[in-house]
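Understanding the architecture of this molecule
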Amino acid sequence: MLLPDHLTHEIHLWRISLDELPPDISSQILADEERHRADRFTSAILRRRFIGSHCARRLILAGYLNVPPHQLHFMVQTHGKPTLAWPTTPLCFNLSHSGNAMLMAVTHRLDLGVDLENIQPHRDYPRLVERCFGHEERAYWQALTSTERTEAFYRLWTIKEAWVKAIGRGIAMGLAACEINLTTTGRFSRLPAPYHPVEWRYQPLDLSAGQAAAMVWRHDVKSPRTLRHYNFVWDNALDRIC
């Protein structure tokens with residue numbers, strides 16, 4: 001894997017299947033606190049996916065940093081965004097998982113967020129649209145046919161979620177105040193103060209059927225980023241630590 005300095009002009013997006021988690025992996029990679037949290041799950045599926053997401057995070061970051069994955073230390077910011085506490089690094093990351101799938105974005109000195117959702121056709125969309133969409137977004141969504149609304153809802157929703165994850169402030173910032181430019185792809189039309197739409201970019205992500213995802217990052221005109229996609233292979237990652 002590339003070291004962080006090579007990420008100055010790139011964002012790496014990793015796709016991980018949590019159901020492909022090898023057996024007996026947690027003892028090699030996770031911290032004691034993570035293993036204790038995993039043991040509290042009563043559902044075997046949820047426990048396995050928790051272990052998988054935390055192991056994948058450690059393996060991916062350790063590959064960039066060239067350190068053993070179990071030696072990484074994480075801290076959680078005030079509103080729940082995880083960051084690396086050790087080693088000190090310019091590496092920035094964000095992740096999201098839904099069901100058995102996980103996405104993780106990694107780059108160099110840049111705020112970014114990613115959101116992944118399994119599409120649920122029978123959610124109470126009108127209530128969520130009323131609460132979480134801006135005026136133009138609501139008008140756009142309400143003008144769609146019933147068959148178009150589900151996909152459109154998730155396309156907008158994942159962008160909003162990815163943005164609040166990028167800034168690390170949570171949805172308390174107000175999703176309705178985060179408005180997507182409906183005529184210019186990749187741009188925002190309004191963001192809550194002190195953030196400015198011109199400083200941010202988004203990209204919807206094409207994944208498997210039944211999933212929706214998006215990534216948001218702080219736009220740096222002096223250092224534009226190219227998005228590169230990678231599929232995480234458990235056996236390859238584990239071979240590097242054996």
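Before reading on, note that the structure itself is shown above.
Analysis parameters
Residues numbered from 1 in each chain as written. Predicted model: local features only at pLDDT ≥ 70, side-chain atom pairs only at ≥ 80, totals over all residues. Heavy atoms only, no water. Helix = DSSP H or I, 4+ residues; strand = E, 2+ residues; numbered from the N terminus. Rg over C-alpha atoms; globule rule 2.2 N^0.38 Å. Buried < 20%, exposed > 50% of the residue type's maximum accessible area, 1.4 Å probe, protein only. Areas by Shrake-Rupley, 256 points an atom, 1.4 Å probe, with all protein chains shown as cover. Lys, Arg positive; Asp, Glu negative; His and termini not counted. Charge placed at Lys NZ, Arg CZ, Asp CG, Glu CD. Salt bridge = Lys/Arg side-chain N within 4 Å of Asp/Glu carboxyl O. Pairing = 2+ DSSP bridges. Axes fitted to C-alpha atoms, helices over the stretch in contact; angles between N-to-C directions. Parallel < 35°, antiparallel > 145°, perpendicular 65-115°, else oblique. Contact = heavy atoms within 4.5 Å. Nonpolar A, V, L, I, M, F, W, Y, C, P; charged D, E, K, R; others polar.

With that out of the way, let us pick up the overall build of the protein. Per the secondary structure count, the protein includes seven helices and eleven strands. Rg of the C-alpha trace for the protein: 18 Å, near the compact-globule value of 18 Å for 242 residues, within the 12% margin. The burial tally for the protein puts 48% of its 242 residues in the buried class. For the protein, the computed accessible surface area is about 12400 Å², with 50% contributed by carbon and sulfur atoms. Between the averaged position of the 28 positive side-chain charges in the protein and that of its 25 negative side-chain charges there is a distance of 4 Å.

Okay, the pattern of salt bridges next. Under the criterion given, the structure shown has eleven salt bridges. Residue aspartate 32 pairs with arginine 35 through a salt bridge whose shortest N-O separation is 2.2 Å. With aspartate 32 and arginine 35 both in helix 2 (residues 32-39) and three residues apart, this pair spans about one turn of that helix. Judged by relative accessible area, which is 24%, arginine 35 ranks as partly exposed. A salt bridge links arginine 218 to aspartate 111; its shortest N-O distance comes to 3.2 Å. Placement of the pair is arginine 218 in strand 10 (residues 211-218) and aspartate 111 in the loop between strand 5 (101-108) and strand 6 (112-118), with a sequence separation of 107 residues. You can call aspartate 111 partly exposed: its relative accessible area is 32%. Several salt bridges share partner residues, and in doing so they unite Glu34, Arg57 and Arg58 into one network.

Moving on: the sheet that holds strand 11 (residues 226-231). Read from one edge to the other, the open sheet built from four strands follows the order 4-5-1-11, with strand pairing classed as mixed. A single partner strand is all that each edge strand has here, and the edge strands are strand 4 (91-98) and strand 11. Averaged over all pairs of adjacent strands, the angle between their axes in this sheet comes to 20°, without regard to strand direction. Note that strand 4 and strand 5 share eight bridges and pair antiparallel.

As a further point, take the environment of serine 208. Relative to the elements of secondary structure, serine 208 occurs in the loop between strand 9 (200-205) and strand 10. Along the chain, serine 208 and phenylalanine 153 lie 55 residues apart, while their C-alpha atoms are 17 Å from each other.

For the pair helix 4 (residues 125-132) and helix 5 (residues 135-142), interaxial distance at closest approach is 8 Å and the crossing angle is 155°. Between helix 4 and helix 5, the crossing angle belongs to the class labelled roughly antiparallel. Here helix 4 contributes Tyr125, Pro126, Val129 and Glu130 to the contact with helix 5, which in turn contributes Arg138, Trp141 and Gln142. Considered class by class, the residues forming the contact of helix 4 with helix 5 number four nonpolar, one polar and two charged.

In short, the description is geometric, and any link to function would need to be established separately.
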